[in-house]
Amino acid sequence: MENTALIPLQYALDTFYLLICGALVMWMAAGFAMLESGLVRAKNTAEILTKNIVLYALACVMYLLLGYYLMYSGDAGGVLPNFGFLIGSEHAVETVAAGGEGAPGFAKRADFFFQVVFTATCMSIVSGAVAERMKLWAFLAFAVVMCGVIYPVEGYWTWGGGFLKHAGFKDFAGSGVVHLAGATAALAGVMLLGARKGKYGPNGQINAFPGANLPLATLGTLILWFGWFGFNGGSQLKISSIEDANAVASVFVNTNLAAAGGLLAALVVARLLFGKADLTMILNGALAGLVAITAEPATPTGVQAALIGAVGGVLVVFSILLLDKLRIDDPVGAISVHGAGGLWGLLAVPLTNSSASFSAQLMGAACIFAWVLVASLLVWGVIKLVMGLRVSEEDEYEGVDIVECGMEAYPEFTRK
């Protein structure tokens, strides 16, 4: 029998836990900003920083106005969510205190805050992939639609009670809903945008464009690693029972081990392929491990989590090399980290979770990929027609910092 005297304390504790985890995920915005600014060239740093901080604000506003309602307005198992606006009223004290089946376990606004930072994370994946040649305002126009419509619709399918949830698709914290979706939107943008000038030469030549600040890129990766504890740990949604507390502890440990496994695997593969400890591959290996474990961080053992992360770390190295061979130019490796890592994470769920099936996981991945790709190509295409996607060749050569932001991040080093 439920102890109603403990309900207010449990409600307060779970609300507080969700808010703290949301704050950790919000800090991932800094991680993306530092990672991407470290991996682009110095002449494009101010613009990539501008994109990252503005997209966070845009995500917050669009998810408030439209996205949250779309994502969590019904549990009927459909394809199309209900249409509406804003969060709605907070849970009444009487409703919470009454307890029982279906009683709210935490504040609605805590749930909104936790979900809105996931929206920003999804959009952050896009910014690095289209870096150094996309117009700032074209990117921001896409962010409005991505955060307000594209992401919430596919999020509803899984987390809001749509058809994928009812089909048995499992995605604990978003390997597919967040990461594969963000990678797919980025892929659509890169397909229409094209490669940076000089990246690919004749006869399959691939020219390296080294990042300007590898200490910043490393710091960004560590910030993302740190924020991922909130990303995965918070997705348990509760911590006030013995079962939930044990699950959260397991999620934290497995998240950490998957990152370590991905990092070490990428290190070894890079050493075998290139004869060197390639730092950018190492960083992306850790991130791919984190993406991979995100679909199911609760059920694996520690060893299994490390191995799932390790496979992600191996896949990301070969994915980055493959995309370059296909002349798909992704300056920071975001499509590989979040696309290959996200897909692998979804397919790995049945390996440790007996309630999941490969067929449901494949269907979920295919539906997310198809929806986001088609919708993104449509939106990017409209933006291209209306304002254009790409800066001029001269502006790209000079760097987008001056043309888009009117300033440089490192003026002492980049001014002629």
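Residues numbered from 1 in each chain as written. Predicted model: local features only at pLDDT ≥ 70, side-chain atom pairs only at ≥ 80, totals over all residues. Heavy atoms only, no water.

In the annotation of an unreviewed UniProt entry, the protein is listed under the name Ammonium transporter and assigned to Aquipseudomonas ullengensis. Entered under Sequence similarities (unreviewed entry) in the UniProt record, the comment concerning the protein runs "Belongs to the ammonia transporter channel (TC 1.A.11.2) family." (UniProt positions renumbered as here; feature names shortened; annotations may be inferred.)

Draft legend 1. Highlighting the overall build of the protein. Assigned secondary structure in the protein consists of 16 helices and zero strands. For the protein, whose C-alpha radius of gyration is 21 Å, the value lies close to the compact-globule estimate of 22 Å for 416 residues. The proportion of buried residues among the 416 residues of the protein is 54%. Taking contacts inside the protein between residues at least 6 apart in sequence as the whole, the part at least 24 apart equals 78%. Of note, the protein has its 21 positive side-chain charges centred 10 Å away from the centre of its 28 negative side-chain charges. (Helix = DSSP H or I, 4+ residues; strand = E, 2+ residues; numbered from the N terminus. Rg over C-alpha atoms; globule rule 2.2 N^0.38 Å. Buried < 20%, exposed > 50% of the residue type's maximum accessible area, 1.4 Å probe, protein only. Contact = heavy atoms within 4.5 Å. Lys, Arg positive; Asp, Glu negative; His and termini not counted. Charge placed at Lys NZ, Arg CZ, Asp CG, Glu CD.)

Draft legend 2. Highlighting the nonpolar core. The biggest cluster of nonpolar side chains holds 100 residues, and the ones touching the most others in it are Met123, Phe142, Met146 and Tyr151. Among the elements that make up this core, the one with the highest residue count is helix H5 (residues 136–158) (13 residues). Setting aside residues up to four positions removed in sequence, Met123 forms contacts with Leu55, Phe139, Phe142, Ala143, Met146 and Cys147. Judged by nonpolar contacts, the second largest core, of seven residues, contains Ala292, Ile293, Ala305 and Ala348. (Core = buried A, V, L, I, M, F, W, Y, C linked by side-chain atoms within 4.5 Å.)

Draft legend 3. Main features of helix H2 (residues 45–71). Look at H2: only 34 Å from first C-alpha to last across 27 residues, short of the 39 Å you get at 1.5 Å a residue. A maximum bend of about 65° is found in H2 at Tyr63. (Expected span 1.5 Å × (residues − 1). Bend = angle between axes of the 7 residues up to and from the residue.)

Draft legend 4. Quick look at the pattern of salt bridges. A full pass over the atoms with the stated rule returns four salt bridges. Linking Arg196 and Asp329 is a salt bridge whose minimum nitrogen-to-oxygen distance equals 2.8 Å. Here Arg196, found in the loop between helix H7 (175–193) and helix H8 (214–233), pairs with Asp329, found in the loop between helix H11 (302–325) and helix H12 (334–352); they are 133 residues apart in sequence, far enough to count as distant. For Arg196, a relative accessible area of 5% gives the class buried. The closest approach of N and O atoms between Glu396 and Arg390, which form a salt bridge, is 2.9 Å. (Salt bridge = Lys/Arg side-chain N within 4 Å of Asp/Glu carboxyl O.)

Draft legend 5. Quick look at the packing of aromatic side chains. Evaluation of the coordinates by the stated rule reveals 12 aromatic pairs. Relative to Phe112, the ring of Tyr63 lies with its centre 5.8 Å away and its plane at 25°, an arrangement referred to as stacked. Taken together, the residues Tyr63 in helix H2 and Phe112 in helix H4 (residues 108–129) connect sequence positions 49 residues apart. With 6.1 Å between their ring centres and 75° between their planes, Phe118 and Trp159 make a pair best called edge-to-face. Of this pair, Phe118 sits in helix H4 while Trp159 sits in the loop between H5 and helix H6 (163–166), and the two are 41 residues apart along the sequence. Look at Phe118 and you get buried, because its relative accessible area is 1%. (Phe/Tyr/Trp six-rings, centres within 6.5 Å; stacked < 30°, edge-to-face > 60°.)

Draft legend 6. How the structure looks around the environment of Ile48. Positionally, Ile48 belongs in helix H2. The sequence separation of Ile48 and Gly100 amounts to 52 residues, and the corresponding C-alpha distance is 49 Å. For Ile48, the contacting residues outside a window of four places in its chain are Glu36, Ser37, Val40, Ser127, Gly128 and Ala131.

Draft legend 7. Structural detail: a nonpolar patch on the surface. Where nonpolar side chains cluster on the molecular surface, the patch consists of Val61, Leu64, Leu65, Phe83, Phe85 and Leu86 and spans about 560 Å² of accessible area. Here Val61 falls in the partly exposed class, since its relative accessible area comes to 45%. (Patch = residues over 30% accessible without salt bridge, like charges linked within 9 Å, V, L, I, M, F, W, Y side chains within 5 Å. Areas by Shrake-Rupley, 256 points an atom, 1.4 Å probe, with all protein chains shown as cover.)

Draft legend 8. Region of interest: unusual backbone geometry. Despite not being glycine, Glu132 shows a phi value in the positive range, around 80°. Along the chain, Glu132 falls in the loop between H4 and H5. By relative accessible area, which is 1% here, Glu132 ends up buried.

Draft legend 9. Up close: the packing of H2 against H4. In contact at an axis separation of 8 Å, H2 and H4 are set at 135° when each is read in the N-to-C sense. When the axis of H2 is compared with that of H4, the two are oblique. Note on packing geometry: the crossing formed by H2 with H4 is right-handed. When H2 is examined against H4, the residues Ile48, Lys51, Asn52, Leu55, Tyr56, Ala59, Cys60, Tyr63, Leu64, Tyr68 and Met71 are found in contact with a partner set consisting of Lys108, Asp111, Phe112, Gln115, Val116, Val117, Thr119, Ala120, Met123, Ser124, Ser127 and Gly128. Considered class by class, the residues forming the contact of H2 with H4 number 14 nonpolar, six polar and three charged. (Axes fitted to C-alpha atoms, helices over the stretch in contact; angles between N-to-C directions. Parallel < 35°, antiparallel > 145°, perpendicular 65-115°, else oblique. Left-handed = near helix turned anticlockwise from the far one by under 90°. Nonpolar A, V, L, I, M, F, W, Y, C, P; charged D, E, K, R; others polar.)

Draft legend 10. Quick look at the side chain of Asn52. Topologically, Asn52 is positioned in helix H2. Judged by its relative accessible area of 3%, Asn52 is buried. Of the polar contacts made by the side chain of Asn52, one reaches the backbone oxygen of Ile48; its length is 2.8 Å. Once residues within four sequence positions are removed from consideration, Asn52 is found in contact with Phe32, Ala33, Glu36, Ser124 and Ser127. (Polar contact = N/O pair within 3.5 Å; in protein donor to acceptor, adjacent residues only side chain to side chain.)

Draft legend 11. Seen up close, the packing of H12 against helix H13 (residues 358–386). Between H12 and H13, the least distance of the axes is 9 Å, while the angle of their chain directions is 160°. By the angle class used here, H12 and H13 are roughly antiparallel. H13 is crossed by H12, and the crossing has right-handed handedness. From H12, Leu343, Leu346, Leu347, Val349, Pro350 and Leu351 reach across to H13, where they touch Phe358, Gln361, Leu362 and Ala365. Considering only residue class, the contact of H12 with H13 consists of nine nonpolar, one polar and no charged.

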